[in-house]
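Examination of the molecular architecture
One-letter residues, chain by chain:
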Amino acid sequence: CFKTRFRHNFTMRSCVGLALALLAALALARDVDLVDEIAAEANCMHADFVLEKHGEPGIDGAEGLLREALARDPHSRARELFDALRAYLAEKGRGLSAASEEALAAPVPSKRALPPPSSGLTPKASPSATTAAERMERKAAMLVKAEATAKQQLSLAAANGDGLARASLIMTQAMELQQGDVDSYTSTPKVIALYREALSLIPDLSMVNVEAAASLLDNLGIALRAVDRVDEAIVEQRRAVEINPHETRHRMNLAGSLFMAGQTAAAAVQCRAALKINPMNAKALMILNSVEPITSADDERIALLHRHAAATKELTLEERTLTHFDLYRALDKLKQLDEAWDHLMTGNKLALEDMTISNKGQPYLGEEAQDDSLRRIAHAFPAEVITKIRKGADDTRLSGADYTPGPVFVVGAYRSGSTLTESILSSHSLVYGAGENTAFGPVLVHYQQQLAMSGRGFPEGFVSSALTDDPLLFEKIGESYMTIMRQNPQISSSGKARWVDKSLGNFRYAGIVALALPSARIVHTLRSAPATCFSMLTQHFTQGRASGRYFTCSQEQLVNHYAGLAKMMRHWDTTLPSGQMLTIHYEELVTHQEVVSRRLLDFAGLKWENAALSFHTQERAVATASLSQVRKPMYISSLESWRRYETRLRPLVDGLEKRVEKGPWRTAVWPNQPTPKEWAASPSHPEVAKEAGGDRDSVEEAVATEMLNEAAASSSQD
């Protein structure tokens, strides 16, 4: 928590973050007061900094920090800072907020008195930045020394059989592993096991510091949520909030889990409680606006959002980004389009800046590098090579290939209807929705590393190896993937033999999926290019692991990304074996729900179940940007929402028009899908022409026309 707060402003941020973690571990076994005192002091340090750097515009944020300090340690120097702040505001004809006065009026429990550290900072007379920095560095040095002492004492205590000290060391190991976790299917299961082990060594959580106990449970919940064990995460995070109700971080993590599970009312309760503690909590406001969208100009949250926007200097870069995206969504609904667009552009600018900092200033994969990567994959896997590799594997294997119905992969662009498609499939009694945290990418990286040791790169090395010395290479990749996925606790406990893998980045590897898992089915979700890209532009993708989606922050980069993706999918459309991939048009799905749903289930080899028509009633966790949409029945209101900003989107629309190929898709035909050879030999594509109701119109164009007519009729009725 503190590491995040200090990340953009303090050189000693790593010292504070790690030292607090280790001191929490030390206090777990030794001093139950220590961490609360240090945490409160860290909040006071942060409030000092906000007031020094920003003056009057930073007062709201500083008050929130000081209230949190009081909640942790009523005897902290937060009271001194509040007194100084009250005197300063009195000169301005103002007073402290009602929330701050309420916090100060709360009874103060008796406690061992400690001399409060004196910073000499007041809002009126701030020392120079150099003096403040020197003082902060001295405090950081003290924490570093404490870190070394903590490690030494904990190691000695654990070696002597101290269970709580052992739990502390395990907690520290789990936290460090969790912070560096990149792939949920490698590190997170171990993180969960470590936290569970630490809990088993603590007979009663009331024996340990409140902050440490709550953080242990909350961090366990975060790890469980990362592998889609959201129900378990909610249990642990509720315990964390019960133990430490004044810590907004725990409430926000619980709210996020509740939202993922579809418990929107409960999520809203946690958000409002967090905002009562600190009205400047941008994440609490963001989640609240997601579960309870703003629909009226009289909503008090409009004023609070503007207050956040006016006080952006004291918020982190991510919090500033959240504020502007929230303002865009609220003002867009209120039809204040000019102001909404301005906030959308500001939000994307800040998002790109945040990702650049997170990437340590290194450039992201540019257009040329992306095009080269996709070109190499397409060149390595033409139709004839895919056929040859599959035949080589069949000839090498003593027994026939295992064509037991396998997983269903959903690939395509973000915001193209992939979550809706997954929801329809996972509504079936035999299918589990595994979401995006799946194993194919990590497995592929593992084999890339193995081949690299023999001087073979990706993708050419995979092909040469399969055609020469290792004809079963792709089958091994498939077996590794299936083994890891079947070990997933959620999949194994679901009792379902099949699952939906919705890692959209697998669009690059559809040919490898087809070779590694011949019984798998691939569903390509496709939506109008302008609608898809506009939806990405309006979505804040910089949080957590989404930080690589830099391309969503500008019209130019969206054109580059989408054009490359579309070209790659055109390649797979003309090369994959017949019956292995199905292209689903989002516009057709939302206007002809049952027809397309039946086609989808039939393609996947599943018998029809009426539950496919009520996909939105499923009690499962969803962790994507489409979370709120899949909790509703099918609707068409967003299909043409991009046209409200059409004049501002000319760079996007014109770029897509020039660079994205139009025309029918072979894999949109089902049943009786033609082979690649049959498709190439029939330039008029009569199957698609017949389905679309015109000589050469594509399914997408025909459906789009009908959809526009229906939308216009619906709008006139409204």
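Each remark here, short or long, concerns the structure printed above.
All figures in this text were calculated on a predicted structure; none of them were measured in a lab.

So, about the overall build of the protein chain. When helices and strands are tallied, the protein chain shows 33 helices and five strands. Expressed as a percentage of its 718 residues, the buried residues of the protein chain come to 55%. Of the contacts formed within the protein chain by residues at least 6 apart in sequence, a portion of 72% connects residues at least 24 apart. Roughly 31100 Å² of accessible area belongs to the protein chain as shown, and the carbon and sulfur atoms make up 53% of that amount.

Further remarks concern the packing of helix α14 (residues 282-291) against helix α16 (residues 317-333). At a minimum axis distance of 9 Å, the contact between α14 and α16 shows a crossing angle of 30°. Taken together, the axes of α14 and α16 are roughly parallel relative to one another. The interaxial crossing formed by α14 with α16 has left-handed handedness. Residues Ala282, Lys283, Leu285, Met286 and Asn289 of α14 pack against Glu318, Glu319, Leu322, Thr323 and Asp326 of α16. Class assignment for the residues of the contact of α14 with α16 results in four nonpolar, two polar and four charged.

Now for the pattern of salt bridges. Scanning the entire structure with this criterion turns up 32 salt bridges. Here Asp654 ties to Arg650 by a salt bridge, and the two come within 2.7 Å at their closest N and O atoms. Remark: Arg650 and Asp654 occur in helix α30 (residues 650-659); sequence separation between them is four residues, near one turn of the helix. According to the relative accessible area criterion, Arg650 is partly exposed, its value standing at 35%. Close ionic contact of Lys662 with Glu657 constitutes a salt bridge, the shortest N to O distance being 3.4 Å. Each member of the pair Lys662 and Glu657 is classed as exposed. Linked through salt bridges whose partners overlap, the residues forming this network are Glu68, Arg72, Glu211, Glu247 and Arg249.

Turning to the sheet that holds strand β5 (residues 581-585), a few remarks are in order. Two modes of strand pairing occur in sheets, parallel and antiparallel, and in both the strands are linked by backbone hydrogen bonds. Spatial strand order, β2-β3-β1-β4-β5: five strands in an open sheet with parallel pairing. Each of the sheet's edge strands pairs with one partner strand only, and the pair in question is β2 (431-433) and β5. Put simply, the sheet's adjacent strands are angled 25° from each other on average, direction ignored. Both strand β1 (residues 408-412) and strand β4 (residues 521-526) contribute to a ladder of five bridges, which runs parallel. Note on β4: the bridge partner recorded for Val408 is Arg521. Contacts from helix α27 (residues 555-575) reach β1, β4 and β5, with the element oriented near 135° to β5.

A few words now on the packing of aromatic side chains. Taken as a whole and judged by the stated rule, the model has 15 aromatic pairs. Taken together, a centroid distance of 6.3 Å and an interplanar angle of 50° make the contact between Tyr328 and Tyr645 tilted. A residue pair is termed long-range when its members are at least 10 positions apart, and Tyr328 in helix α16 and Tyr645 in the loop between α29 (593-603) and α30 qualify at 317 residues. Using a relative accessible area of 0% as the deciding quantity, one classes Tyr645 as buried. On the basis of an interplanar angle of 75° and a centroid distance of 6.0 Å, the ring pair of Phe458 and Tyr509 is categorised as edge-to-face. Within this pair, whereas Phe458 is found in the loop between α21 (440-452) and α22 (460-467), its partner Tyr509 is found in the loop between β3 (498-501) and α25 (510-516), the two being separated by 51 residues in sequence. Neither Phe458 nor Tyr509 differs from the other in exposure class; each is buried.

To continue, consider the pairing of β5. Among the five residues in β5, five count as buried, and that is most of the element. Residues Met581, Thr583 and His585 point to one face of β5 and Leu582 and Ile584 to the other, with burial holding for every one of them. Sheet topology places β4 next to β5; five bridges connect them, and they run parallel. Bridging from a neighbouring strand, Thr525 pairs with Ile584 of β5.

On to helix α12 (residues 248-260). Owing to its 3.6 residues per turn, the α-helix brings residues three or four apart onto one side. In this model, α12 (13 residues) spans 18 Å end to end at C-alpha, consistent with the 18 Å of a helix rising 1.5 Å per residue. Counting buried residues in α12 gives 12 out of 13 residues, a clear majority hidden from the surface. Among the residues making up α12, those that are buried are Thr248, His250, Arg251, Met252, Asn253, Leu254, Ala255, Gly256, Ser257, Leu258, Phe259 and Met260. Its buried side turned inward, α12 meets α4 (59-72), α10 (210-226), α11 (230-243), α13 (264-277) and α14. Positive backbone phi, approximately 85°, marks Gly262, located one or two places after α12.

Reading the values: rules and limits
- Residues numbered from 1 in each chain as written.
- Predicted model: local features only at pLDDT ≥ 70, side-chain atom pairs only at ≥ 80, totals over all residues.
- Heavy atoms only, no water.
- Helix = DSSP H or I, 4+ residues; strand = E, 2+ residues; numbered from the N terminus.
- Buried < 20%, exposed > 50% of the residue type's maximum accessible area, 1.4 Å probe, protein only.
- Contact = heavy atoms within 4.5 Å.
- Areas by Shrake-Rupley, 256 points an atom, 1.4 Å probe, with all protein chains shown as cover.
- Axes fitted to C-alpha atoms, helices over the stretch in contact; angles between N-to-C directions.
- Parallel < 35°, antiparallel > 145°, perpendicular 65-115°, else oblique.
- Left-handed = near helix turned anticlockwise from the far one by under 90°.
- Nonpolar A, V, L, I, M, F, W, Y, C, P; charged D, E, K, R; others polar.
- Salt bridge = Lys/Arg side-chain N within 4 Å of Asp/Glu carboxyl O.
- Pairing = 2+ DSSP bridges.
- Phe/Tyr/Trp six-rings, centres within 6.5 Å; stacked < 30°, edge-to-face > 60°.
- Expected span 1.5 Å × (residues − 1).

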